[in-house]
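Chain by chain, the residues:
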Amino acid sequence: MQPLSISIVAFHDYDDIKKAITSIVQYTSIPYEMYVFDNSVDDPQKEEFQSFLQVNHVHYVDNHENQGFGKGHNHALEYIDSKYHAIINPDIVIQEDVFGPIFQYLDHHPEVGMVIPKIVDDTGHLQEAYRKEITVFDMFTRYFGRHIFKKRIQDHTLSYMDYSKPFQVPFAQGCFLVIRTNLFRQLHGFDDRFFMYMEDADLSKRINQVSKVMYFPDVEVIHHWQKGSHKNKRLFKIHVQSARKYFHKWGWKLW
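Everything in this summary refers to the structure shown in the same document. (Residues numbered from 1 in each chain as written. Predicted model: local features only at pLDDT ≥ 70, side-chain atom pairs only at ≥ 80, totals over all residues. Heavy atoms only, no water.)

1. Things to note about the side chain of aspartate 138
And then number 1: When you line up the elements, aspartate 138 lands in helix α5 (residues 136–144).
And then number 2: A relative accessible area of 4% places aspartate 138 in the buried class.
And then number 3: Side chain to side chain, aspartate 138 and arginine 152 meet in a polar contact 2.8 Å long.
And then number 4: Separated by 3.4 Å, the side chains of aspartate 138 and histidine 156 make a polar contact.
And then number 5: Leave out the neighbours within four places in its chain, and aspartate 138 touches Glu133, Arg152 and His156. (Helix = DSSP H or I, 4+ residues; strand = E, 2+ residues; numbered from the N terminus. Buried < 20%, exposed > 50% of the residue type's maximum accessible area, 1.4 Å probe, protein only. Polar contact = N/O pair within 3.5 Å; in protein donor to acceptor, adjacent residues only side chain to side chain. Contact = heavy atoms within 4.5 Å.)

Here it is, written out as structure tokens:
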């Protein structure tokens, strides 16, 4: 059994993934197995990307179609044999050994099932990766009411918390998560009915029912957050569809 397994889902974002992998290889001291599950189709860079992965001893699985974020990561359950599993976005870069401190924290806190570290942008500014459980109103304010409902958004994104200390997170964004592999397996991974978006909210809720999702402040991860559904009508539509599935599954909490 390896101490750590890592999964990244690709969708034509090979350059970003190369940067992510290069940083992981450079800074990670714990033995690990890394897997890339490729949802890309007919990409001329695919062969060159596979060569890069071979050089860096990364396992490659071609899904031959876009299966979505959750289902893509769930393929890891077919391959991994580890104590902890990291779910990582392609647009992540690390600049320190983040896994060592996270492992120590999880080893000493058996009641914690999953950890999300300090997520920052290129300037070191903390990102809104930590939230209360989502409501219909919060979905609306996120897209249409940011300048009107500032206090509500600050409350939803837990801006009032002390980010120098660990705290429980109802909804941890899925850009960089470290979960106990046996728990990930017990929960059958992500609910792959969510093609993209809200699968992280759903996983967080299911983990918090049996364990805890915790913010861990002692390490920092850079996330080049694109916020695609704020800019792209197709992605916005997918986000709305996923939100409907989430509320249908967990109840239509309006406020």
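2. A closer look at the packing of aromatic side chains
And then number 1: Under the criterion given, the structure shown has 16 aromatic pairs.
And then number 2: Here the aromatic rings of tyrosine 35 and phenylalanine 37 are separated by 6.1 Å at their centres, their planes lie at 10 degrees, and the arrangement is stacked. Take tyrosine 35 and phenylalanine 37: they sit in the same class, and that class is buried.
And then number 3: Here the aromatic rings of tyrosine 105 and phenylalanine 216 are separated by 5.0 Å at their centres, their planes lie at 40 degrees, and the arrangement is tilted. On the criterion of sequence distance, the pair formed by tyrosine 105 in helix α4 (residues 99–108) and phenylalanine 216 in strand β11 (residues 213–223) is long-range, its members being 111 residues apart.
And then number 4: The exposure class of tyrosine 105 is buried, given its relative accessible area of 10%.
And then number 5: Ring pairs connect the aromatic residues Tyr130, Tyr163, Phe167 and Tyr215, which therefore count as one cluster.
And then number 6: A cation sits over an aromatic face here: lysine 18 above phenylalanine 52, 5.9 Å from the ring centre. (Phe/Tyr/Trp six-rings, centres within 6.5 Å; stacked < 30°, edge-to-face > 60°. Lys NZ or Arg CZ within 6 Å of the ring centre and 35° of its normal.)

3. Let's talk about the pairing of strand β4 (residues 82–88)
And then number 1: For β4, a buried count of six out of seven residues is recorded, marking the element as mostly surrounded by other parts of the structure.
And then number 2: Judged from the six bridges that link them, strand β1 (residues 2–10) and β4 form a sheet pairing that is parallel. Within β4, the position partnered with serine 7 by the bridge is isoleucine 87.
And then number 3: Alignment of β4 against strand β10 (residues 176–180), held across five bridges, turns out to be antiparallel. Across the sheet, residue tyrosine 84 finds its bridge partner in β10, namely arginine 180. (Pairing = 2+ DSSP bridges.)

4. Points about the pattern of salt bridges
And then number 1: Scanning all chains against the criterion turns up 12 salt bridges.
And then number 2: A salt bridge links lysine 83 to aspartate 107, with the nearest nitrogen and oxygen atoms 2.9 Å apart. Here lysine 83 is found in strand β4, whereas its partner aspartate 107 is found in helix α4, with 24 residues between them in sequence.
And then number 3: Residue class for lysine 83 comes out partly exposed when judged on its relative accessible area of 41%.
And then number 4: Judged by its relative accessible area of 41%, aspartate 107 falls in the partly exposed class.
And then number 5: Residue aspartate 155 pairs with lysine 132 through a salt bridge whose shortest N-O separation is 2.9 Å. In this pair, aspartate 155 is assigned in helix α6 (residues 150–156) and lysine 132 in the loop between β7 (130–131) and α5, connecting sequence segments 23 residues apart. (Salt bridge = Lys/Arg side-chain N within 4 Å of Asp/Glu carboxyl O.)

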